[in-house]
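Chain residues, written in single-letter form:
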Amino acid sequence: MPSLLVRNALVATMDDERRELADAGLFAVDGVIRAVGPTSSLPATADTVMDLRDHLVLPGLINGHHHLDQVLTRNLPAAQNNNLFRWLRAHYRLWAARTPEASRTATLVGCAELALSGCTTVFDHAYVFRNGCAVDDQIAAAAEIGMRFVVSRGSMSLGESKGGLPPDSCVEDEDEILADCERVIGRYHDAAPGAMTQIVLAPCSPFSVSPELLRQSATLARQRGVRLHTHLCETLDEERYTLERFGRRPVDYMGTLGWSGRDVWYAHAVHVNDAEIATFARSGTGVCHCPCSNMRLASGIAPIMKYRRAGVTVGIGVDGSASNDGNNLLGEVRQAMLLARLQIGLRPPEGPDTTVSTADPSRDGEWMTARQALELATRGGAALLGRDDIGALAPGRMCDFFALDLNAVGFAGGLADPVAAAVFCAPQPARHTVVGGRPVVRDGRIVTVDLERVVAEHNRHAARLAALA
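How each quantity is defined
Residues numbered from 1 in each chain as written. Predicted model: local features only at pLDDT ≥ 70, side-chain atom pairs only at ≥ 80, totals over all residues. Heavy atoms only, no water. Helix = DSSP H or I, 4+ residues; strand = E, 2+ residues; numbered from the N terminus. Buried < 20%, exposed > 50% of the residue type's maximum accessible area, 1.4 Å probe, protein only. Polar contact = N/O pair within 3.5 Å; in protein donor to acceptor, adjacent residues only side chain to side chain. Contact = heavy atoms within 4.5 Å. Pairing = 2+ DSSP bridges. Axes fitted to C-alpha atoms, helices over the stretch in contact; angles between N-to-C directions. Parallel < 35°, antiparallel > 145°, perpendicular 65-115°, else oblique. Left-handed = near helix turned anticlockwise from the far one by under 90°. Nonpolar A, V, L, I, M, F, W, Y, C, P; charged D, E, K, R; others polar. Expected span 1.5 Å × (residues − 1). Arc of directions from axis to C-beta. Salt bridge = Lys/Arg side-chain N within 4 Å of Asp/Glu carboxyl O. Phe/Tyr/Trp six-rings, centres within 6.5 Å; stacked < 30°, edge-to-face > 60°. Core = buried A, V, L, I, M, F, W, Y, C linked by side-chain atoms within 4.5 Å.

> Explain the side chain of threonine 242 to me, using residue names and the numbers behind them.
Within the fold, threonine 242 resides in helix α6 (residues 236–246). Its relative accessible area of 0% is what places threonine 242 among the buried residues. Engagement of the side chain of threonine 242 in a polar contact is seen with the backbone oxygen of glutamate 239, the distance being 3.2 Å. With residues up to four places along the chain from it excluded, the contact list for threonine 242 reads Pro206, Gly247, Arg248, Arg249, Pro250 and Tyr253.

This is the structure:
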């Protein structure tokens, strides 16, 4: 069984004690951490030794919401200045026109960018399956690059003719959706600790699937022991849709269909009231915060610090690359911290219901700290996925980590608190990213695929789709 030794680093463990250890490292065997501590306490050697002096080592970041196929349609001119519904209408037919080959390069490109920003586990919400595409394409590509991959067999079934948002040509038959969900779970889902591939059921949204598909997906997921995910409360347009069509606000509507509990997490959850936050906390329902996408589409600011105070599980995601135009998860961590700080300076209803200055010490607890932001992308992401084998550097957890070079120019002058510098300073690229004890990034470069060749092919696929717009 191969062994790995990291030594001489500053290690921010994110373990239960939140230890931060100077001149420290970790020892792992067969991709599982055996020990974390001072370098002097670790074995003297291993099959692979990484001397990470002057580096900060952090647990691998966990991306809790994404649409990797959207890497094919970044920066589309027709969708640059739109809110969610208009943005979706500009993209639906293009996503449906992608090929399995294009889906492969999109997954590789997106995962490469994520790995270069310290991400080791990716959740992807795939929901458009036309033109021969299947979730199998993405699973194979994620394995090719070496990322830990949790992927949804998502779906859209409610076309425009039935009152949904997507074109009829982009949706699927519900019986076929459920049958393929069964197939994908049976073939790919691994419930064991250390799993590299897991499946989630994720109908796209209240405005693109029927109530019956949502209900049946929840039943199937619980029968098969997989988790549930969808978009919810992302925009006021969505809220108007559920009120007009079902007479309920989105959270209440989804609750009537069984979409509440510790096996459920929602992307965005921007437009919620205090009672709905309490419902999430009471039921264990999680939230994935996607700050860049919410800003890009003018969706609003999710009440992340309110969620944290209420005890709601919160993770973070870069969201679709066409509503973010990047796949930098460390950058998303920084944006989450900054946006939470912006929010406490706003007047009600966008900001807190108070006239007390943000300079007042009584409001110190409202400020999101750098470490809290990092926790969203580590322990928070692991909790969303229902996993206790990732999200921290501790014995028994998987050997997923990344290292930042503290001698990088972007950190110069900021090393009084190196852990906070990882968030406060401009996002620096990972020097090394390791998944299950195996390098995906070494010395700042992807080492598992020929990225230059992949990018060239990907740009050809993207150009074909852009010409259809």
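Picking up where we left off.
> Lay out α6 with the relevant residues and their values.
Listed as buried for α6 are Asp237, Glu238, Glu239, Tyr241 and Thr242. Next to the buried residues of α6 lie α1 (84–96), β10 (227–232) and α7 (250–255). Two or three places before aspartate 237, at the opening of α6, threonine 235 has a side-chain oxygen 3.4 Å from that residue's backbone nitrogen.

> Could you give an account of the sheet that holds strand β8 (residues 148–155), with specific residues and numbers?
Taking strand neighbours across the sheet as the criterion, the 8 strands line up as β6-β7-β8-β9-β10-β11-β12-β13 in an open arrangement whose pairing is parallel. Two strands close off the open sheet at either side, each with one partner strand: β6 (61–63) and β13 (314–316). The sheet shows a mean angle of 25° between the axes of neighbouring strands, direction not considered. Note: strand β9 (residues 197–203) against β10, 2 bridges, orientation parallel. Within the sheet, the bridge partner assigned to leucine 201 lies in β10 and is leucine 228. Sheet strands touched by helix α3 (residues 135–145): β7 (119–124), β8 and β9. Its angle to β8, the strand with the most contacts, is close to 170°. Where helix α4 (residues 174–188) meets the sheet, it contacts β8 and β9, and its direction lies at approximately 165° from that of β9.

> Describe the packing of α4 against helix α5 (residues 211–224), naming the residues involved and giving the relevant values.
Where α4 contacts α5, the axes come no closer than 11 Å and their chain directions differ by 20°. Taken as axis vectors, α4 and α5 run roughly parallel relative to one another. When the axes of α4 and α5 are compared, the crossing they make is right-handed. Residues Glu174, Ile177, Leu178, Cys181, Glu182, Ile185 and Gly186 of α4 pack against Glu212, Leu213, Gln216, Ser217, Leu220 and Arg224 of α5. Tallied by class, residues from the contact of α4 with α5 come to 6 nonpolar, 3 polar and 4 charged.

> Which residues make up the pairing of strand β1 (residues 3–12), and what values do they have?
Of all 10 residues in β1, 9 are buried; the element is thus mostly enclosed. Across 7 bridges, the pairing between β1 and strand β2 (residues 20–29) is antiparallel. Looking at the pairing, leucine 4 lines up with alanine 28 of β2. Of the strand pairs in this sheet, β1 and strand β5 (residues 55–59) are connected by 2 bridges, and their pairing is parallel. Bridge pairing links valine 11 to valine 57 in β5.

> Go over α4 with me, naming the residues and quoting the values.
With 15 residues, α4 extends 21 Å between its outermost C-alpha atoms, agreeing within 8% with the 21 Å of an ideal straight helix rising 1.5 Å per residue. Buried within α4 we find Ile177, Leu178, Asp180, Cys181, Val184, Ile185 and Tyr188. An end-on view of α4 places all buried positions within 165° of arc, on one side of the element. The exposed residues of α4 that point more than 90 degrees off its buried face are Asp175, Glu176, Gly186 and Arg187.

> Account for the pattern of salt bridges, naming residues and giving values.
All told, the structure shown has 29 salt bridges when counted by the stated rule. Across the pair aspartate 274 and lysine 306 runs a salt bridge whose closest N-O atoms are separated by 2.8 Å. Here the residue aspartate 274 occupies a position in helix α8 (residues 274–283), and lysine 306 occupies one in helix α10 (residues 304–310), the gap between them amounting to 32 residues. Owing to a relative accessible area of 52%, aspartate 274 belongs among the exposed residues under this scheme. A single salt-bridge network, built from bridges that share partners, covers Asp136, Arg153, Glu172, Asp180, Arg183 and Arg187.

> Describe unusual backbone geometry, naming the residues involved and giving the relevant values.
Following proline 348, the chain continues into proline 349 via a peptide bond in cis, with omega recorded as 5°. With respect to the helices and strands, the residue proline 349 is situated in the loop between α11 (329–344) and α12 (370–384). At asparagine 8, a residue that is not glycine, the phi angle is positive and equals roughly 70°. Secondary-structure assignment places asparagine 8 in strand β1.

> I'd like to hear about the packing of aromatic side chains, residue by residue, with values.
A complete count under the given rule lists 10 aromatic pairs for this structure. A ring pair is formed by tyrosine 241 and phenylalanine 246, whose centres lie 6.4 Å apart and whose planes are at 70°; its orientation type is edge-to-face. Through successive ring pairs, a cluster of aromatic residues spans Phe85, Phe207, Tyr241, Phe246 and Tyr253.

> Tell me what's going on with the nonpolar core, and back it up with residues and numbers.
Ranked by internal contacts, the top residues of the largest apolar core, which has 101 residues, are Leu56, Ile145, Met147, Trp259, Phe280 and Tyr307. With 8 residues, the top contributor of residues to this core is helix α2 (residues 100–116). Apart from the residues lying within four places of it in its own chain, the contact partners of phenylalanine 280 are Val251, Tyr266, Ala269, Val272, Thr285, Val287, Tyr307 and Val312.

> Which residues make up the environment of alanine 142, and what are the values?
As for its position among the elements, alanine 142 is in helix α3. By relative accessible area, which is 0% here, alanine 142 ends up buried. Sequence-wise, alanine 142 and valine 200 are 58 residues apart; in three dimensions their C-alpha atoms are separated by 16 Å. Excluding residues that lie within four positions of it along the chain, alanine 142 makes contacts with Thr107, Met147 and Phe149.

> Describe in detail the side chain of arginine 363, supporting the description with residues and values.
Among the secondary structure elements, arginine 363 is positioned in the loop between α11 and α12. Among the residues examined, arginine 363 registers a relative accessible area of 5% and is labelled buried. A polar side-chain atom of arginine 363 sits 3.0 Å from the main-chain carbonyl oxygen of isoleucine 344. Of the polar contacts made by the side chain of arginine 363, one reaches the backbone oxygen of valine 356; its length is 2.7 Å. Here arginine 363 is in contact with Ile344, Pro352, Thr354, Val356, Ser357 and Thr358, once residues within four sequence places are set aside.

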